Amino acid sequence: MSDLAETADVVVVGGGSAGAVLAARLSQDPAPTVLLLEAGHAYAPGAYPPALLDANKIADPDHDWGYTSRGTGQTQIPTPRGKVLGGSSAVNATVALRARAADFAKWGEHGAEGWSPAPTPAACWKASSLAAP
């Protein structure tokens, strides 16, 4: 969308892991116009700063919202949340955890169609790559 006066059919707010994947999947259909809004920086591939590439560094201040939460003793605990395209996955050493097979099975038992352990590996591969295998 090069013209700001255009309207979008779908607006996805937040370019984190879920938002970016959702926008990409919606964009596979050329009919709707999809706009992905991200408050943080969108780096070109291969242009990420060293702070985001260092697996030993979590929550670089230039790419973090600076949120805190309270522990059981009401102590302030830093709660890293990414302010960059890629969201929190970009600031947590790019760690991604997939649900266990038992979790998928339980979701399927409760009526979530397609959420059984069998099709999960292919779906996870598609969600974590730009091209299907």
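Worth saying up front: this structure is predicted, and the values here are computed from it rather than measured.

Asker: How should the overall build of the protein be read in this particular structure?
Answerer: Within the protein, the secondary structure is distributed over 4 helices and 4 strands. Counting from the amino terminus, helix and strand elements in the protein follow one another as β-α-β-α-β-β-α-α. Going through the 133 residues of the protein one by one, you find that 18% of them count as buried. Counting only carbon and sulfur atoms, one obtains 59% of the accessible surface of the protein, whose full area is about 9,400 Å².

Asker: Looking at this structure, how should I read the packing of aromatic side chains?
Answerer: The relation between two aromatic rings is expressed through the spacing of the ring centres and the mutual angle of the planes. Summed over the entire model, instances satisfying the criterion amount to 2 aromatic pairs. Seen from their ring centres, Tyr43 and Tyr48 are 5.3 Å apart, and the 45° between their planes marks the pair as tilted. Of the residues examined, Tyr48 reaches a relative accessible area of 29% and is grouped as partly exposed. For the pair Trp65 and Tyr67, a centre-to-centre distance of 6.2 Å together with 10° between the ring planes defines the contact as stacked.

Asker: Would you take a moment to explain the pairing of strand β1 (residues 10-13) for this structure?
Answerer: Along any regular strand the residues' side chains alternate between the sheet's two faces. Where β1 meets strand β2 (residues 34-37), 4 bridges bridge the pair, whose relative direction is parallel. Bridging from a neighbouring strand, Val13 pairs with Leu37 of β2.

Asker: Would you take a moment to explain the environment of Gly16 for this structure?
Answerer: Residue position: Gly16 is located in the loop between β1 and α1 (17-27). Among the residues examined, Gly16 registers a relative accessible area of 18% and is labelled buried. Separated by 70 residues in sequence, Gly16 and Gly86 have C-alpha atoms that sit 4.3 Å apart. For Gly16, the contacting residues outside a window of four places in its chain are Glu38, Gly86 and Gly87.

Asker: Help me out: how do you make sense of the pattern of salt bridges in this one?
Answerer: Here the idea is simple: oppositely charged side chains can pair when their charged atoms come close. All told, the structure shown has 2 salt bridges when counted by the stated rule. Among the ionic pairs, Arg100 bridges to Asp103, the shortest N-O distance being 3.0 Å. A relative accessible area of 24% places Asp103 in the partly exposed class.

What counts, and at which threshold
- Residues numbered from 1 in each chain as written.
- Predicted model: local features only at pLDDT ≥ 70, side-chain atom pairs only at ≥ 80, totals over all residues.
- Heavy atoms only, no water.
- Helix = DSSP H or I, 4+ residues; strand = E, 2+ residues; numbered from the N terminus.
- Buried < 20%, exposed > 50% of the residue type's maximum accessible area, 1.4 Å probe, protein only.
- Areas by Shrake-Rupley, 256 points an atom, 1.4 Å probe, with all protein chains shown as cover.
- Phe/Tyr/Trp six-rings, centres within 6.5 Å; stacked < 30°, edge-to-face > 60°.
- Pairing = 2+ DSSP bridges.
- Contact = heavy atoms within 4.5 Å.
- Salt bridge = Lys/Arg side-chain N within 4 Å of Asp/Glu carboxyl O.

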